[in-house]
Amino acid sequence: MKRLLSIPIIVLLLYTQSCKDDKKEELKQDEVSNEMKDQPFFKLSLAQWSLNENIRFHGMDPFDFAKISDSLGFNGLEYVSQLYKPFYDEHGIDALVVKLAEESKKYNQKNILIMVDNEGDLADPDEAKRDEAVELHKKWVDVAATLGCHSIRVNTFGTKDPEIWHDAVVDGLKRLSVYAATKNVNVLCENHGWLSSDADKLVAALKAVDMDNCGTLPDFGNWCIKRKDGEKWGECEEEYADKYKGMELLMPMAKAVSAKSYAFDEDGNETTLDYPRILQIVKDAGYTGYIGVEFEGGLPEEDGILATKDLLVSASKTLN
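Residues numbered from 1 in each chain as written. Predicted model: local features only at pLDDT ≥ 70, side-chain atom pairs only at ≥ 80, totals over all residues. Heavy atoms only, no water.

In this structure, the largest pocket occupies an estimated 640 Å³ of space. Looking at the largest pocket, it is lined by 35 residues, and the ones nearest its centre are His192, Asn222, Arg227, Trp233 and Glu296. Residues belonging to the lining of the largest pocket are distributed by class as follows: 11 nonpolar, 11 polar and 13 charged. (1 Å grid on protein atoms, 1.4 Å probe; cavity = no way out; pocket = protein on both sides within 12 Å on 5 of 7 lines; lining within 4 Å. Points joined across faces, edges and corners; volume = space filled by probe spheres on them. Nonpolar A, V, L, I, M, F, W, Y, C, P; charged D, E, K, R; others polar.)

Shown next as structure tokens:
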């Protein structure tokens with residue numbers, strides 16, 4: 001004959017099991033908490049300019065961008081408009097949108113932004129030319145909206161005279177931003193050479209624009225404010241005095257961030273940029289969005305991309 005357990009014993013067994021279950025749940029929560037601690041405070045996207053030499057000079061298909069991004073462990077895409085020019089000149093901008101949408105969906109990639117180049121100068125002192133530049137940029141606002149990108153990155157060339165530049169760029173950016181706001185798209189200015197790389201002047205211009213959807217895309221590099229022979233992209237003669245101060249000035253208005261890299265030492269550190277210091281500035285600004293990897297050190301590009309990605313992750317673990 002089986003003996004029945006007394007009620008106190010049953011209660012004790014149930015209590016013991018409950019404690020075990022609670023302990024398992026605590027351990028599980030601790031594992032999740034530790035895993036979260038190991039995760040960077042940002043998400044990772046791939047800037048297509050990282051692949052520009054292979055695309056421009058070595059026959060890489062720019063439409064393989066989503067595939068490559070996925071294979072390298074990224075889930076966000078930052079397009080470069082000029083790399084698709086031969087295609088959309090022949091087939092039209094609508095065909096470009098369809099093809100980009102197909103590829104990003106196929107590889108489960110999120111479309112983040114479009115870096116727009118060669119569409120006129122938004123800070124041109126000539127009002128007619130500035131008007132034309134604004135109109136030319138509008139189609140990329142439309143492309144961004146259709147693809148689900150949150151922003152386009154624009155250039156602010158047009159004049160090297162600071163006073164003339166300020167008034168011209170404020171006008172160009174404001175009119176483009178008014179249009180972009182109707183599409184829920186941001187217009188972002190990168191420190192991308194000349195006066196845009198003078199953080200004080202760029203911030204002053206954006207404050208004068210005074211629109212929520214007009215902000216910055218701080219780049220870890222790109223601090224040249226004067227180039228040899230006055231060329232847009234020639235040899236640099238003068239850099240902004242303090243790139244880290246520049247990042248501090250640009251970050252409060254940032255809606256995207258670009259992790260530029262050029263070369264690495266044997267320990268995996270970038271040789272010209274203090275990544276932990278820059279990332280601390282980014283974190284202190286409260287930024288938690290995508291950081292785009294933009295390797296610009298030449299070939300082999302995929303090695304540089306992975307080295308930059310690894311450095312971002314490892315550097316993030318050293319921060320306060």
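So much for the structure itself; the text now carries on.
With that out of the way, let us pick up the sheet that holds strand S6 (residues 214-217). Sheet architecture is open: 8 strands sit in the order S6-S5-S4-S3-S2-S1-S10-S9, paired in parallel fashion. Looking at which strands have only one partner, the edges of the open sheet turn out to be S6 and strand S9 (257-261). When strand polarity is set aside, the average angle formed by the axes of neighbouring strands in this sheet is 30 degrees. By the bridge criterion, 2 bridges tie strand S1 (residues 43-47) to strand S2 (residues 76-80) in an arrangement that is parallel. The partner of Ala47 across the bridge, within S2, is Glu78. Against the sheet, helix H6 (residues 127-147) contacts S2, strand S3 (110-115) and strand S4 (151-154), and its axis sits at roughly 150 degrees relative to S4. With respect to the sheet, helix H11 (residues 301-316) is in contact with S1, S9 and strand S10 (290-295), its orientation differing from that of S10 by roughly 140 degrees. (Pairing = 2+ DSSP bridges. Helix = DSSP H or I, 4+ residues; strand = E, 2+ residues; numbered from the N terminus. Axes fitted to C-alpha atoms, helices over the stretch in contact; angles between N-to-C directions. Contact = heavy atoms within 4.5 Å.)

Attention now goes to helix H5 (residues 93-106). Structural remark: α-helix, 3.6 residues per turn; residues separated by three or four positions point the same way. Here H5 contains 14 residues, and its C-alpha end-to-end distance of 20 Å stays within 8% of the 20 Å for a straight helix at 1.5 Å per residue. Regarding H5, the residues found buried are Leu96, Val97, Leu100, Glu103 and Ser104. Here the buried residues of H5 occupy an arc of 140 degrees about the axis, which is enough to place them on one side. Facing away from the buried side of H5 by over 90 degrees, the exposed positions are Asp94, Lys105 and Lys106. Immediately downstream of H5, the backbone of Asn108 shows phi near 55 degrees, a positive value. (Expected span 1.5 Å × (residues − 1). Buried < 20%, exposed > 50% of the residue type's maximum accessible area, 1.4 Å probe, protein only. Arc of directions from axis to C-beta.)

Taken as a whole and assessed by the stated rule, the structure comprises 15 salt bridges. Put simply, Asp117 and Arg153 hold a salt bridge, and the shortest N to O gap is 3.0 Å. Linking Asp117 in the loop between S3 and H6 with Arg153 in strand S4, this pair joins segments that are 36 residues apart in sequence. Classification of Arg153 as buried rests on a relative accessible area of 3%. A salt bridge links Asp198 to Lys201, with the nearest nitrogen and oxygen atoms 3.0 Å apart. Assessed through its relative accessible area of 12%, Asp198 is described here as buried. Classification of Lys201 as partly exposed rests on a relative accessible area of 32%. Among the ionic contacts, a cluster of salt bridges with common partners joins Arg130, Asp131, Asp171 and Arg175. (Salt bridge = Lys/Arg side-chain N within 4 Å of Asp/Glu carboxyl O.)

Moving on to a negative patch on the surface. Residues Asp229, Glu231, Glu235, Glu237 and Glu238 make up a contiguous surface patch of negative charge. Structurally, Glu235 can be placed in the loop between strand S7 (224-227) and strand S8 (236-239). (Patch = residues over 30% accessible without salt bridge, like charges linked within 9 Å, V, L, I, M, F, W, Y side chains within 5 Å. Areas by Shrake-Rupley, 256 points an atom, 1.4 Å probe, with all protein chains shown as cover. Lys, Arg positive; Asp, Glu negative; His and termini not counted. Charge placed at Lys NZ, Arg CZ, Asp CG, Glu CD.)

This paragraph deals with the packing of helix H7 (residues 162-181) against helix H8 (residues 199-209). Two numbers describe how H7 lies on H8: the axes approach to 9 Å, and their chain directions differ by 45 degrees. What the angle tells us is that H7 and H8 run oblique. Along this stretch, H7 crosses H8, giving a crossing that reads as right-handed. Taken together, the residues of H8 that come into contact with H7 (itself represented by Pro162, Trp165, His166, Val169, Val170, Leu173 and Lys174) are Lys201, Leu202, Ala204, Ala205, Leu206, Ala208 and Val209. Classifying every residue of the contact of H7 with H8 gives 11 nonpolar, 1 polar and 2 charged. (Parallel < 35°, antiparallel > 145°, perpendicular 65-115°, else oblique. Left-handed = near helix turned anticlockwise from the far one by under 90°.)

Of all hydrophobic cores here, the largest spans 92 residues; its most connected members are Leu173, Phe220, Val282 and Leu312. If we skip the residues at most four places from it in the chain, Phe220 touches Met247, Val257, Ser258, Ala259, Lys260, Leu273, Tyr275, Ile278, Leu279, Val282 and Leu312. (Core = buried A, V, L, I, M, F, W, Y, C linked by side-chain atoms within 4.5 Å.)

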